[in-house]
Amino acid sequence: MALLPSLLTALVVISYGPGGALGCDLPHSHILVSRKNFVLLGQMRRISSAICLKDRKDFRFPQDMADGRQFPEAQAASVLHEMLQQIFSLFHTERSSAAWNTTLLDELCTGLLRQLEDLDTCLEQEMGEEESALGTVRPTLAVKRYFRGIHLYLKEKKYSDCAWEIVRMEIMRSFPSSSNLQGRLRMKDGELGSP
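Residues numbered from 1 in each chain as written. Predicted model: local features only at pLDDT ≥ 70, side-chain atom pairs only at ≥ 80, totals over all residues. Heavy atoms only, no water.

### Section: the overall build of the chain
Point 1. A tally of regular secondary structure across the chain gives seven helices and two strands.
Point 2. For the chain, the α and β elements follow one another from N to C terminus as α-β-α-α-α-α-α-α-β.
Point 3. Within the chain, the proportion of its 195 residues that are buried is 49%.
Point 4. Across the chain, the fraction of contacts at a sequence separation of at least 24, relative to all contacts at a separation of at least 6, is 88%.
Point 5. Entry remark: accessible area of the chain is about 9600 Å², with carbon and sulfur atoms responsible for 53%. (Helix = DSSP H or I, 4+ residues; strand = E, 2+ residues; numbered from the N terminus. Buried < 20%, exposed > 50% of the residue type's maximum accessible area, 1.4 Å probe, protein only. Contact = heavy atoms within 4.5 Å. Areas by Shrake-Rupley, 256 points an atom, 1.4 Å probe, with all protein chains shown as cover.)

### Regarding empty space enclosed by the protein
Point 1. Under the definition given, this model contains one cavity of 30 Å³ or more.
Point 2. Space inside the largest cavity adds up to approximately 40 Å³.
Point 3. If one sorts the elements of the lining of the largest cavity by residue count, helix H7 (residues 161–182) sits on top with three residues.
Point 4. For the lining of the largest cavity, the class distribution of residues is four nonpolar, no polar and three charged. (1 Å grid on protein atoms, 1.4 Å probe; cavity = no way out; pocket = protein on both sides within 12 Å on 5 of 7 lines; lining within 4 Å. Points joined across faces, edges and corners; volume = space filled by probe spheres on them. Nonpolar A, V, L, I, M, F, W, Y, C, P; charged D, E, K, R; others polar.)

### A few points about the nonpolar core
Point 1. Among the nonpolar cores identified, the biggest contains 46 residues, and Leu41, Met44, Leu90, Phe91, Ile150, Val167 and Ile171 are the most heavily contacted of them.
Point 2. Of all the secondary structure elements, the ones that give two or more residues to this core are helix H2 (29–43), helix H3 (73–91), helix H5 (102–129), helix H6 (137–156) and H7.
Point 3. If we ignore the near neighbours within four places in the chain, the residues touching Leu90 are Ser96, Ile150, His151, Leu154, Trp164, Val167 and Ile171. (Core = buried A, V, L, I, M, F, W, Y, C linked by side-chain atoms within 4.5 Å.)

### Description of the state of the cysteines
Point 1. Applying the stated criterion across every chain, the model contains one disulfide.
Point 2. Across the disulfide from Cys52 sits Cys162; the S-S distance is 2.2 Å. Torsion about the S-S bond of the Cys52 and Cys162 cystine: about -80°, corresponding to left-handed handedness. Taken as a pair, Cys52 in the loop between H2 and H3 and Cys162 in helix H7 lie far apart in primary sequence, 110 residues in all. Residues Cys52 and Cys162 agree in their burial class; the two are buried. (Disulfide = S-S within 2.5 Å.)

### Re the pattern of salt bridges
Point 1. Applying the stated rule across the entire model yields seven salt bridges.
Point 2. We note a salt bridge from Asp58 to Arg60, for which the minimum N-O separation is 3.9 Å.
Point 3. As a salt-bridge pair, Glu165 and Arg168 come within 2.6 Å of each other at their nearest N and O atoms. Of this pair, Glu165 and Arg168 both sit in helix H7, three residues apart, which is roughly one turn of the helix.
Point 4. Look at Glu165 and you get buried, because its relative accessible area is 1%.
Point 5. Within this structure, Lys54, Asp55 and Lys157 form a network of salt bridges that share partners. (Salt bridge = Lys/Arg side-chain N within 4 Å of Asp/Glu carboxyl O.)

### Focus: the environment of Phe88
Point 1. Checked against the element boundaries, Phe88 lands in helix H3.
Point 2. The spacing of Phe88 and Gly111 is 23 residues in sequence and 9.3 Å in space, taken between C-alpha atoms.
Point 3. Setting aside its immediate chain neighbours within four residues, Phe88 contacts Cys109, Leu112, Leu113 and Leu116.

### Overview of the packing of aromatic side chains
Point 1. Inspection of the entire model under this criterion finds seven aromatic pairs.
Point 2. For the pair Tyr146 and Phe147, a centre-to-centre distance of 5.0 Å together with 80° between the ring planes defines the contact as edge-to-face.
Point 3. You can call Tyr146 buried: its relative accessible area is 3%.
Point 4. With centroids separated by 6.4 Å and ring planes inclined at 35°, the aromatic side chains of Tyr159 and Trp164 adopt a geometry described as tilted. (Phe/Tyr/Trp six-rings, centres within 6.5 Å; stacked < 30°, edge-to-face > 60°.)

Here it is in structure tokens:
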């Protein structure tokens, strides 16, 4: 349980950290929705992770995603978009609806869609102007492989409650990385920087 507050703190700090300036502006609500999504993931917990210890798995989160600073700004937006799209796809399934409180799940999916829409606007502006799609292939493929492993794990575990709990915790662990990538993007009204 101590992990949740520390991850939430990391998400808040990283979301306001210094970063590059992408040629488009994300609304400040993008950060707020990201925080709310993280909280919702925490609230979705239905069973104690202690009873699921036998189901733990190292999904091998791509370590080069953990620090968004090595990516050019447009590439950071593309990788963040892929991460959010994969999280949305994971939780926006019939099997997922059976595993979670549907109100919390609907709120999470709605928040993820809002973030994706914000990033779509950025990607439309940036990809045409400064970077070819080839520059984003390697990092986005790593993200796809990571989530493919999660999907295979769920299938192998027959979408059990423990499997979903392990996946929920894994997504929460990956959230700070999405915040690092998000930190590379500029917020509207100059709201990136110290709170």
